[in-house]
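Residue-level structure breakdown
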Amino acid sequence: MRALGEAFTTRPVLALALAARAALAAVLAWVIVAPFDGVADQYAYYAPFGAVVVVSTTVMGSLRTSAEVFLALTVGASLGLVVQALSLPSPLAVGLVVGIGTLLSPLRWLGAMGSWAPISALFVLILGAGQPENFVAGYLGLTSLGAMVGTAVNLLMPPLHFVATERAQESLREALVTQLDVLAERLDEQSPADDATVLETPERLRRRGLAVEDLAAQALGGPRVNWRLLRRQERANRVQERGSALAALALAVGGIVDTLDRQAGPHEVRAPWRSPLGEPTARALRATAEVLRAVDQPEGRQRYDEARDLVDALARAVPAVPAAELEDRFTAGSLVLGLRRTLDAVEPTAG
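Residues numbered from 1 in each chain as written. Predicted model: local features only at pLDDT ≥ 70, side-chain atom pairs only at ≥ 80, totals over all residues. Heavy atoms only, no water.

This brings us to the pattern of salt bridges. Side chains that differ in sign of charge can pair as their charged atoms come close. Scanning the model with the defined rule gives 9 salt bridges in all. In this structure, R340 engages D312 in a salt bridge whose closest nitrogen and oxygen atoms are separated by 3.1 Å. Note that R340 is positioned in helix 15 (residues 326–345) and D312 in helix 14 (residues 300–317), a separation of 28 residues in sequence. Residue D312 is classed as partly exposed on the basis of its relative accessible area of 25%. Put simply, D181, E290, R293 and R303 are held in one network by salt bridges that share partners. (Salt bridge = Lys/Arg side-chain N within 4 Å of Asp/Glu carboxyl O. Helix = DSSP H or I, 4+ residues; strand = E, 2+ residues; numbered from the N terminus. Buried < 20%, exposed > 50% of the residue type's maximum accessible area, 1.4 Å probe, protein only.)

This paragraph deals with helix 13 (residues 278–293). Here helix 13 is 16 residues long and its end C-alpha atoms lie 23 Å apart, about the 22 Å a rise of 1.5 Å per residue gives. Residues G278, P280, T281, A282, A284, L285, A287, T288, A289, V291 and L292 constitute the buried set of helix 13. (Expected span 1.5 Å × (residues − 1).)

Our next topic: the nonpolar core. Membership of the largest hydrophobic core comes to 38 residues, with the highest contact counts inside it found for L176, V253 and L285. Of all the secondary-structure elements, those providing two or more residues to this core are helix 9 (162–189), helix 10 (202–220), helix 12 (233–263), helix 13, helix 14 and helix 15. In this structure L176 touches L205, L246, L249, A250 and V253, once residues within four positions along its chain are discounted. The next biggest cluster of nonpolar side chains, apart from the first, holds 32 residues, and it includes L18, A40, F135 and V149. (Core = buried A, V, L, I, M, F, W, Y, C linked by side-chain atoms within 4.5 Å. Contact = heavy atoms within 4.5 Å.)

A word on the packing of helix 13 against helix 15. At a closest axis distance of 11 Å, the pairing of helix 13 and helix 15 adopts a crossing angle of 20°. Relative to helix 15, helix 13 is oriented roughly parallel. When the axes of helix 13 and helix 15 are compared, the crossing they make is left-handed. Contacts between helix 13 and helix 15 pair T281, A284, L285, T288, V291 and L292 from the former with L335, L339, T342 and L343 from the latter. Taken together, the residues of the contact of helix 13 with helix 15 break down into 7 nonpolar, 3 polar and no charged. (Axes fitted to C-alpha atoms, helices over the stretch in contact; angles between N-to-C directions. Parallel < 35°, antiparallel > 145°, perpendicular 65-115°, else oblique. Left-handed = near helix turned anticlockwise from the far one by under 90°. Nonpolar A, V, L, I, M, F, W, Y, C, P; charged D, E, K, R; others polar.)

Moving on: the packing of aromatic side chains. Tallying each qualifying case throughout the model produces 8 aromatic pairs. Centre to centre, the rings of Y45 and Y46 are 4.7 Å apart; their planes meet at 45°, and the pair counts as tilted. Of the residues examined, Y45 reaches a relative accessible area of 45% and is grouped as partly exposed. Taken together, a centroid distance of 5.4 Å and an interplanar angle of 15° make the contact between F49 and W116 stacked. With F49 in helix 4 (residues 46–54) and W116 in helix 7 (residues 116–126), the pair connects residues that are 67 residues apart, well separated along the chain. On the basis of relative accessible area, W116 is assigned to the buried category, the value being 15%. Joined through ring pairs, the aromatic side chains of Y43, Y45, Y46, F123, F135 and Y139 make up one cluster. (Phe/Tyr/Trp six-rings, centres within 6.5 Å; stacked < 30°, edge-to-face > 60°.)

Right, let's talk about a nonpolar patch on the surface for a bit. Judged by side-chain polarity, L24, L28, I32, L156 and M157 come together as a nonpolar surface patch covering roughly 450 Å² of accessible area. Structurally, the position occupied by M157 is in the loop between helix 8 (132–156) and helix 9. (Patch = residues over 30% accessible without salt bridge, like charges linked within 9 Å, V, L, I, M, F, W, Y side chains within 5 Å. Areas by Shrake-Rupley, 256 points an atom, 1.4 Å probe, with all protein chains shown as cover.)

Structure (structure tokens):
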């Protein structure tokens, strides 16, 4: 359910695909249990419930959630049965299952479904009164069956998130091009501090970079259980590599912005690197921006080679920074790593 909500608010196209798989899983789970009588007929609605819960944006997400659902329900149901057998007053019994269930919910092997332990215990205690065995069989068994159906749907119709992932990377790439250009201008022209409204805060850059990297890792990484992804493994690897490189560059650029902000006073020039680092840093930033701007363009190779040379020149300038300016040296060194990693990820292919 959480995956559905996140997808609807952030990636509408993915949300539609996810909703379609969830609906299909729920219908299949209901159809499977419909012919049966007894417990299956009495508690049939738990099957589609379990199916919807485990349908996720990734195959591995469904497999993991399915196992966590079964474990959390088992822990909660067992707790509910034990407390029910004690024949305690209702208020005390309710408080006991909720309290103990809540204490058990952070167990690591229950994962994100840990909060279901006290809920499951409460269901067994209240709804299963008089027929605890039948209720547990229906609740635990049918929900688990539905979870397996949901997992099967994801395995047979695994999602691919290339478009959404590449769009997120494209957005970050464009933002970083702007940041690199603005920073290069600040270092070259020594612009006033009050003319820096285009620069994003280091924290925002870091969050955007991590979000892009996480999206690629969750959607395209992990164990190879997505048969559709296996047929596009080269593209998936390239997308993941670019995501990681852009995240590293966002972190490095944020470090420069932070350094300039702290070293420049409110009325000073926003360019503290005026000797060994100012000029080579500006050139490397601007050249990398040009490479990012020309990704998949015919002139990409020439710009890539030029950027490589200028980043290497910046790397050679770093040791020349006086020991007293250790922060500048550290920030520039991090920037060199970020720029090189980005260039590696977007290097034009031969031919």
